[in-house]
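Residue-level listing of the chains:
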Amino acid sequence: MALSDPLVARSITALDSALVLGTLLLTVLLYTFARERNTSYPPGPPGIPLLGNLLQVDVLRPHLQFLEWARQYGPIFRVRMGPTHLVVLNTAHAADELLVNRGAIYSGRAAPHVAMGIVSDGQRMVFLGYTHAWRVVRRALQGTLGPAPSRQLRKMQEFESRVLMHDLLLHGDRSVVETHVQGPNGEIPEEHWFGIVRRYTTGVVLNMAYGRRVNKLFGHPYLHRIYDVMGNFTKVSQPGNYMADGFSFLRWLPDRLAPWRVEARKMHLWEMDLWGRLLDECRATFKSGIALAGFVPSYLRARADAGFEDLPGRGVVVVSSSAPADTSTAGWMRDKLLAYTAGSMLEAGSDTTAATIETFVLFMLHNPAVLARARAELDAAVPVAQGRMPNWEDEESLPLVVACIKETLRRRPPTIMGVPHCADADDVYEGHFIPKGSTVIGNIWAIHMDPARYPDPLAFRPERWYTPGKPTRWASGPTSQDRDHYAFGWGRRFCQGSYMAEASLFVVLTRVLWGLDFACPPDRLPDPDDETRTWSEGFIAVPKIFPVAFRPRSDAHAEVVRRAYEDVQREWQVLGLAVDER
Ligand code: HEM
């Protein structure tokens, strides 16, 4: 038979591939064994060859098993998920020491190959390595999200919270009397009160990024697309989802043997149809001379002023700087990185904040005595006779309410295991070797459940933070000296939106407590300790939908909410923004 015979050629190719694959697997196996025998790694559960501990962990809810191992092995343990070394830090001290004090080494990201390299074309900010491009992005965002500039965002947060209050009033008991079913990928029915919360959280970030509004709950062109993209990305970035994430040699396979790559490229185009289109629309407006507020319009303006009006492509354009290459922030984002950076804001800021609001309501329903005390505090600080809703100026008079928000972030942090960092160099911690390339997890869940730091950790107890008559400090970082909880992560990768997030939580939750009674039928109230029934899977573990009936605490409260909503419609027009459509 001639070699040109297609059947023979195909079987030789298949045999070759199998041999190459087998040899590579064997090499990985031998290398792993040899390395492990001679090194003093952190303690950890024994695994099996090749797969390590992969089969011992529910990859969709790893925090449960990781908490068990934290109790067994202490401040630091190590597991292997296939070829990936995971070093897990379970006390505040260990996490602060590595992720903050040794931030020069531990600020990288272990990005999943398929989700970051292909689906995001390497441009998603949250997964960028500790690189020059990341520094350029981070510096650009700080001008909008930093402690001082983020105060400029409060006007829109205040305006949008009026719409949220109005919508919850309109919602009434709809999610209790109607049957709503969550979609298989966590999709929220538009009529459910979770949709009202999402409209707020996504709306304020969309406004921050693009100066646009989400002005309707039903049929908005972007609202659902954003959640679809986020949901898909959460799925594809899940550890264990793609073999090629763990076994890098699979990345050499040609397309016909790697259908995941073809699928991932399609996903990238689908994502660009959203993030790229938002940028294109913004650029068209900018070029037509209309001045929009927001991070992206301001960035396009500044970039054009610097002589880079059009910068197609990915990554950054390097601008010479006198700073050393490893600290320089000089440079401009090209279009694709800019589009993904704005998209990353929407992803990072929407579900996390929405989940915290919903979780707060859940804990209040479970703790009616705390709720009554928080309300009494609000009624004293902002009597309804004043004809206004609470605002940030009232913060000092509301120490218990702030303590309740902090306790929500501690008791159930939305990014329950944080976002993994990566060790960019070999290191030793308390005699334990941490190899370069290890994925390093600040185990927020284990730290928040540490009874030495938080006695009776499962109890919802705002008193941990509350001193009567004294303002409650947020104490959420970024410095290790100013930490009561770790919901926003660590060090140089600390959540850049934390000031914006806390401002949203404050204005929304003080208003909800102040103006609305809310109730859930006891037999439908989810149990916060029931992991599978109450919380979603994934690296942002959010509450599953539960029904709540909202009604005004009095006619006077309802009147204040209604008036604030009507007034804000005029404000939208003055600002040239879309009015609400209901
Ligand atoms: C309650 C709400 C939020 C929580 C709990 C939260 C939590 C987190 C966590 C745990 C990280 C990873 C930190 C680390 O790597 O150690 C993170 C990163 C980040 N967050 Fe947030 N976040 C929230 C809201 C927001 C908002 C509103 C924004 C902006 C609109 C935002 C923007 C970011 C960005 C840009 C990063 C990536 C930082 C980097 O990789 O350098 N977050 N967030």
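Numbering of residues begins from 1 in every chain and follows the order in which that chain's sequence is written. Given that this is a predicted model, residues contribute local features only at a pLDDT of at least 70 and side-chain atom pairs are listed and counted only at 80 or more, while totals for whole chains, interfaces and linings are drawn from all residues. Computation of side-chain values: all heavy atoms of the structure, hydrogens and water removed.

Participant: Describe the overall build of the chain, listing the residues and the values that go with them.
Facilitator: The helix and strand inventory of the chain stands at 19 helices and ten strands. Radius of gyration: over C-alpha atoms. The globule rule applied is 2.2 Å multiplied by the number of residues raised to the 0.38 power. A compact globule built from 582 residues should have a C-alpha radius of gyration of about 25 Å, and the chain, at 25 Å, falls within 12% of that. Remark: exposure states derive from per-residue accessible area (1.4 Å probe, protein chains only) relative to the maximum for the residue type, with buried under 20%, exposed over 50%, and partly exposed in between. Buried positions account for 54% of the 582 residues belonging to the chain. Throughout, a contact is declared for two residues whenever any of their heavy atoms are within 4.5 Å. Considering only intrachain contacts with a sequence separation of at least 6, the fraction spanning at least 24 residues in the chain is 72%. For the chain, the exposed surface amounts to about 24300 Å²; the carbon and sulfur share of it is 58%. In this tally, Lys and Arg are treated as positive and Asp and Glu as negative; His is ignored, and so are the chain termini. For charged residues, the charge sits on one atom: NZ in Lys, CZ in Arg, CG in Asp, CD in Glu. Side-chain charges in the chain split into 64 positive and 63 negative, and the spacing between the mean points of these groups amounts to 3 Å. In this text, helices come from DSSP runs of H or I with a minimum length of four residues, and strands from runs of E with a minimum of two, each type numbered from the N-terminal end. What sets the accessible areas is the Shrake-Rupley method with a 1.4 Å probe; for residues, cover comes only from the shown protein chains.

Participant: How would you summarise the coordination of the iron atom of the ligand if you had to cite specific residues and measurements?
Facilitator: Octahedral six-donor coordination of a metal ideally yields angles of 90 or 180 degrees, compared with 109.5 degrees for tetrahedral four-donor coordination. On the protein, Cys495 (SG) is the one donor atom to the iron atom of the ligand, at 2.3 Å. For Cys495, the location among the structural elements is in the loop between α16 (444–448) and α17 (498–515). Atoms of type N, O and S within 2.8 Å of a metal are treated as its donors, and for Na, K and Ca the window is 3.2 Å; water is not considered, so some sites may appear to be missing partners.

Participant: Give a detailed account of the packing of helix α13 (residues 335–366) against α17, specifying residues and quantitative values.
Facilitator: Inter-axis angles, ranging from 0 to 180 degrees, are taken between N-to-C directions of lines fitted to C-alpha atoms, where helices are fitted over the stretch in contact. Their axes nearest at 10 Å, the elements α13 and α17 cross at an angle of 35 degrees. Seen along the crossing, α13 lies across α17 with a hand that is right-handed. Only Ala501, Ser504, Leu505, Val508, Leu509 and Leu513 of α17 make contact with α13, whose side of the interface consists of Thr353, Thr356, Ile357, Phe360 and Met364. Under the scheme applied here, ten amino acids are nonpolar (Ala, Val, Leu, Ile, Met, Phe, Trp, Tyr, Cys and Pro), four are charged (Asp, Glu, Lys and Arg), and all others, including Gly, are polar. Here the contact of α13 with α17 is composed, by residue class, of eight nonpolar, three polar and no charged. Handedness of a crossing follows from how the near helix is turned relative to the far one, being left-handed for an anticlockwise turn of less than a right angle and right-handed for a clockwise one.

Participant: Can you explain the pattern of salt bridges? Please cite residues and give values.
Facilitator: Salt bridge, as used here: a side-chain nitrogen of Lys or Arg that lies within 4 Å of a carboxyl oxygen of Asp or Glu. What the rule picks out here adds up to 42 salt bridges. For Arg102, the salt bridge is made with Glu97, and the minimal N-O distance between the two is 2.9 Å. Overall, Arg102 belongs to the partly exposed group, its relative accessible area being 21%. Where Arg303 meets Asp335, a salt bridge forms, and the shortest distance between an N and an O atom there is 2.8 Å. With Arg303 in helix α12 (residues 295–305) and Asp335 in helix α13, the pair connects residues that are 32 residues apart, well separated along the chain. Here Arg303 and Asp335 have matching classes, each one buried. The structure contains a network of salt bridges with shared partners spanning Glu160, Asp167, Arg199, Arg213, Asp580 and Arg582.

Participant: How would you explain unusual backbone geometry if you had to name every residue and give the values?
Facilitator: Across the chain, the bulk of peptide bonds are trans and the bulk of non-glycine residues have phi less than zero. Here Gly477 and Pro478 are connected by a cis peptide whose omega angle stands at 10 degrees. Tracing the backbone shows Pro478 in the loop between α16 and α17. The residue Ala475 is not glycine, and still its phi comes out positive at about 40 degrees. Tracing the backbone through its elements, the reader meets Ala475 in the loop between α16 and α17.

Participant: Outline the packing of aromatic side chains, supporting the account with residue identities and numerical values.
Facilitator: Aromatic pairing here means that ring centres of Phe, Tyr or Trp (its six-membered ring) are within 6.5 Å. Orientation follows from the plane angle: under 30 degrees is stacked, over 60 is edge-to-face, and everything else is tilted. Applying the stated rule across the entire model yields 20 aromatic pairs. Geometrically, the ring pair formed by Tyr41 and Phe433 is tilted, given 6.1 Å between the ring centres and 45 degrees between the ring planes. Taken together, the positions of Tyr41 in the loop between α1 (6–37) and α2 (62–73) and Phe433 in strand β7 (residues 432–434) put the pair 392 residues apart, joining distant regions of the chain. For the pair Phe159 and Trp572, a centre-to-centre distance of 5.6 Å together with 85 degrees between the ring planes defines the contact as edge-to-face. With a gap of 413 residues between them, Phe159 in helix α6 (residues 154–171) and Trp572 in helix α19 (residues 555–575) connect regions that are remote in the sequence.

Participant: Give a description of the site of the ligand that names residues and reports values.
Facilitator: Arg109, Trp134, Arg138, His421 and Cys495 are the nearest of the 27 residues found near the ligand. Here an oxygen atom of the ligand and a side-chain polar atom of Arg109 are 2.7 Å apart. N or O atoms closer than or at 3.5 Å make up a polar contact, with two conditions inside protein: a donor-capable atom paired with an acceptor-capable one, and, for residues adjacent in sequence, both atoms drawn from side chains. One of the backbone nitrogen or oxygen atoms of Trp490 is found 3.0 Å away from an oxygen atom of the ligand. Among the secondary structure elements, those contributing two or more residues to the shell around the ligand are α5 (132–145), α8 (193–210), α13 and α17. The biggest single contributor to the shell around the ligand is α13, with six residues. A breakdown of the residues in the shell around the ligand according to their chemical character gives 15 nonpolar, nine polar and three charged. By convention in these notes, a residue is near a molecule or strand provided one of its non-hydrogen atoms lies within 4 Å of it.

Participant: Go over the confidence of the model for the chain, please, and point to the residues and values.
Facilitator: Values of pLDDT, the confidence the predictor places in each residue, fall between 0 and 100. Scored by pLDDT, the chain has a mean of 92; 93% of the residues are at 70 or more. Across residues 1–15, confidence stays below pLDDT 50; counting only partners more than four residues off in sequence or on other chains, it has six contacts.

Participant: Give me the lowdown on the state of the cysteines, citing residues and values where you can.
Facilitator: Covalent bonding between the sulfur atoms of two cysteines is what defines a disulfide. Whenever a pair of cysteine sulfur atoms sits within 2.5 Å, that pair is classed as a disulfide. Counted by the stated rule, this structure contains zero disulfides. Take Cys404: it sits in no disulfide, and the sulfur closest to it among the cysteines is that of Cys520, at 19 Å. Taking relative accessible area as the criterion, Cys404 reaches 0% and is therefore assigned buried.

Participant: Report on the environment of Arg124, specifying residues and quantitative values.
Facilitator: Relative to the assigned elements, Arg124 resides in the loop between α4 (113–119) and α5. Here the alpha-carbon distance between Arg124 and Ala111, two residues 13 residues apart in the chain, equals 9.7 Å. The contact partners of Arg124, leaving out residues within four places of it in the chain, are Met116, Val229, Phe233, Glu271, Trp275, Tyr340, Ser344 and Glu347. Within the structure, Arg124 has its side chain in polar contact with the side chain of Glu271 (distance 2.9 Å).

Participant: Now, about the packing of helix α9 (residues 223–236) against α13: what can you tell me, with residues and values included?
Facilitator: Where α9 contacts α13, the two axes come as close as 10 Å, and the packing angle between them is 90 degrees. Between α9 and α13, the angle falls in the class roughly perpendicular. In this structure, α9 contributes Ile226, Tyr227, Val229, Met230 and Phe233 to the contact, and α13 contributes Leu346, Glu347, Ser350 and Asp351. Split into classes, the residues belonging to the contact of α9 with α13 amount to six nonpolar, one polar and two charged. Between 65 and 115 degrees an angle is taken as roughly perpendicular, under 35 as roughly parallel, over 145 as roughly antiparallel, and anywhere else as oblique.

Participant: Hey, could you go over empty space enclosed by the protein for me, with residue numbers and the actual values?
Facilitator: Only protein atoms enter the 1 Å grid used here, on which a cavity is any set of points holding a 1.4 Å probe that cannot leave and a pocket is any open set flanked by protein within 12 Å on both sides along at least five of seven lines; residues with an atom within 4 Å of a point are listed as lining. Grid points are joined across faces, edges and corners, and a volume is the space filled by probe spheres set on the points. On inspection of all chains with the given rule, the structure shows two cavities of 30 Å³ or more. In this model, the second largest cavity occupies a volume close to 40 Å³. Contributing to the lining of the second largest cavity are Leu164, Leu168, Trp193, Val197, Ile357, Val361, Val508, Leu509, Val512 and Phe550. Looking at the lining of the second largest cavity, the elements that each hand over two or more residues are α6, α8, α13 and α17. The dominant element in the lining of the second largest cavity, judged by the number of residues it contributes, is α17, at three residues. For the lining of the second largest cavity, the residue count by class is ten nonpolar, no polar and no charged.

Participant: Give a detailed account of the sheet that holds strand β1 (residues 76–81), specifying residues and quantitative values.
Facilitator: One requirement defines pairing of two strands: DSSP has to find at least two bridges between them. Reading across the sheet, the four strands line up as β1-β2-β8-β5 and stay open at both edges, with mixed pairing between neighbours. What marks the edges here is a single partner per strand, and that holds for β1 and β5 (421–422). Across two bridges, β5 lies against strand β8 (residues 439–442) in antiparallel orientation. Along β8, the bridge assignment pairs Cys422 with Thr439. Here α2 sits on the sheet in contact with β1, β2 (84–89) and β8, set at roughly 135 degrees to β1.

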